[in-house]
Amino acid sequence: MKGRETHTTHSPEETEALGWEFSRKLLPGDIVGLVGELGSGKTCFVRGVAKGLGVRGNVKSPSFTIINILEREERRGEINRLHHIDLYRIRSADDFYDAGLEEYIYGKGISVIEWADKFPELLEVCTIVIRFSYMGEKVREIVIQRRGGSA
Ligand SMILES: Nc1ncnc2c1ncn2[C@@H]1O[C@H](COP(=O)(O)OP(=O)(O)OP(=O)(O)O)[C@@H](O)[C@H]1O
Ligand SMILES: [Mg+2]
C-alpha cells in the first residue's frame, strides 16, 4: 500500500469487507489510527480486520474496557494478535500511558485505535491513519493513508 486510498461504502457489510481486504496489507507492528465521528463505521471496519487476520473473539465497542485483545489459536505467520483500543473514554494521553497500554502497541501484533485523533501524541505514532466520514444514512467515505517511509 502506498500513499492514500479513498473508498466509498454503501452498507456495513461493505465496510467490513473493506476491513478484511485491508488486513492483508498489514505489516507486523502496524499501529492503525481510526478517526471519525460516532457511528461512522470504525468498529464495523475493525470487525473485518479481525476476520481477515483470523483472530478469535467478538469485536464490539470496547467502551468500558479500553482494550480488547484478540488472538489466533495457532501461530500462523508473524501477526497473531490484534489489539482493539478505544480512546473515547480516556481523559488524557497520560491515562493511556499510566494504564500500560503503550506496551501493547509496540510489539509484533497489530493495534487499531478508535478515536486516535483525541491525543496528538498518539496519532503521531500511528503507521496508518484511516478517516471515516458519514456521507448519508448508509454511505461512508473511508480514506486510508500509510504514513512516512516507503512502505
Ligand atoms: N456503509 C456503512 N459502513 C459502516 N456502517 C454503516 C454503514 N451504513 C450504515 N452503517 C451503520 O452505522 C453504524 C456504524 O457503527 P460503528 O459502531 O461501526 O461506528 P463507530 O465509528 O465505531 O462509532 P463509535 O465512535 O460510537 O465507536 C452501524 O449502526 C452500522 O449499521
Ligand atoms: Mg466504535
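Since the structure is predicted, the reported quantities are computational estimates derived from the model, not experimental observations.

Peer 1: Mind laying out the sheet that holds strand β1 (residues 4-9), listing which residues take part and the relevant values?
Peer 2: Sheet architecture is open: seven strands sit in the order β1-β7-β6-β2-β5-β4-β3, paired in mixed fashion. In the strand order of this sheet, the two ends are held by β1 and β3 (67-71), each with one partner. Adjacent strand axes in the sheet meet at a mean angle of 15°, parallel and antiparallel pairs treated alike. As paired strands, β1 and strand β7 (residues 139-146) are joined by six bridges and run antiparallel to one another. Looking at the pairing, His 7 lines up with Ile 142 of β7. Sheet strands in contact with helix α1 (residues 12-23) are β1, β2 (31-35), β6 (128-136) and β7, and its direction is about 150° off that of β1.

Peer 1: Report on the packing of aromatic side chains, specifying residues and quantitative values.
Peer 2: One pass over the full model with this rule turns up four aromatic pairs. Aromatic pair Phe 45 and Phe 132: ring centres 5.6 Å apart, planes at 80°, arrangement edge-to-face. In this pair, Phe 45 sits in helix α2 (residues 42-53) while Phe 132 sits in strand β6, placing the two residues 87 residues apart along the sequence. In terms of burial, Phe 45 and Phe 132 fall into one category: buried. Both rings, one in Tyr 88 and one in Trp 115, keep their centres 5.1 Å apart while their planes meet at 40°; by these two values the pair is tilted. Highlighted residues: Tyr 88 in the loop between β4 (81-86) and α3 (93-98) and Trp 115 in the loop between β5 (110-114) and α5 (120-124), separated in sequence by 27 residues. Exposure remark for Tyr 88: the relative accessible area of 38% places this residue in the partly exposed category. Take Trp 115: its relative accessible area is 19%, and that puts it in the buried class.

Peer 1: Break down the coordination of the magnesium ion (ligand 2) for me, citing the residues and quoting the values.
Peer 2: The protein atoms that coordinate the magnesium ion (ligand 2) are Thr 43 (OG1) and Glu 114 (OE), at distances spanning 2.1 to 2.2 Å. With a gap of 71 residues between them, Thr 43 in helix α2 and Glu 114 in strand β5 connect regions that are remote in the sequence. For the pair Thr 43 and Glu 114, a shared accessibility class is recorded, and that class is buried.

Peer 1: Account for the site of ligand 1, with residues named and values stated.
Peer 2: Taken together, 19 residues lie around ligand 1, and Thr 15, Gly 39, Lys 42, Thr 43 and Lys 138 are the ones closest in. In the model, an oxygen atom of ligand 1 is placed 3.0 Å from a nitrogen or oxygen of the Cys 44 main chain. In this structure, Arg 140 approaches ligand 1 through a side-chain N or O atom, which is 3.1 Å from an oxygen atom. Here ligand 1 loses 76% of its free accessible area of 650 Å² to cover by the protein chains.

Peer 1: Any chance you could break down α1 for me, citing the residues and the numbers?
Peer 2: In this model, α1 (twelve residues) spans 17 Å end to end at C-alpha, consistent with the 16 Å of a helix rising 1.5 Å per residue. Inspection of α1 places Thr 15, Glu 16, Leu 18, Gly 19, Phe 22 and Ser 23 among the buried residues, and these make up the whole buried set. One side of α1 holds all its buried residues, which, seen down the axis, span an arc of 155°. The elements touched by buried residues of α1 are β1, β2, α2, β6 and β7.

The rules behind the values
- Residues numbered from 1 in each chain as written.
- Chains lettered and ligands numbered in written order.
- Predicted model: local features only at pLDDT ≥ 70, side-chain atom pairs only at ≥ 80, totals over all residues.
- Heavy atoms only, no water.
- Pairing = 2+ DSSP bridges.
- Helix = DSSP H or I, 4+ residues; strand = E, 2+ residues; numbered from the N terminus.
- Axes fitted to C-alpha atoms, helices over the stretch in contact; angles between N-to-C directions.
- Contact = heavy atoms within 4.5 Å.
- Phe/Tyr/Trp six-rings, centres within 6.5 Å; stacked < 30°, edge-to-face > 60°.
- Buried < 20%, exposed > 50% of the residue type's maximum accessible area, 1.4 Å probe, protein only.
- Donors = N, O, S within 2.8 Å, 3.2 Å for Na, K, Ca; no water.
- Near = heavy atom within 4 Å.
- Polar contact = N/O pair within 3.5 Å; in protein donor to acceptor, adjacent residues only side chain to side chain.
- Areas by Shrake-Rupley, 256 points an atom, 1.4 Å probe, with all protein chains shown as cover.
- Expected span 1.5 Å × (residues − 1).
- Arc of directions from axis to C-beta.

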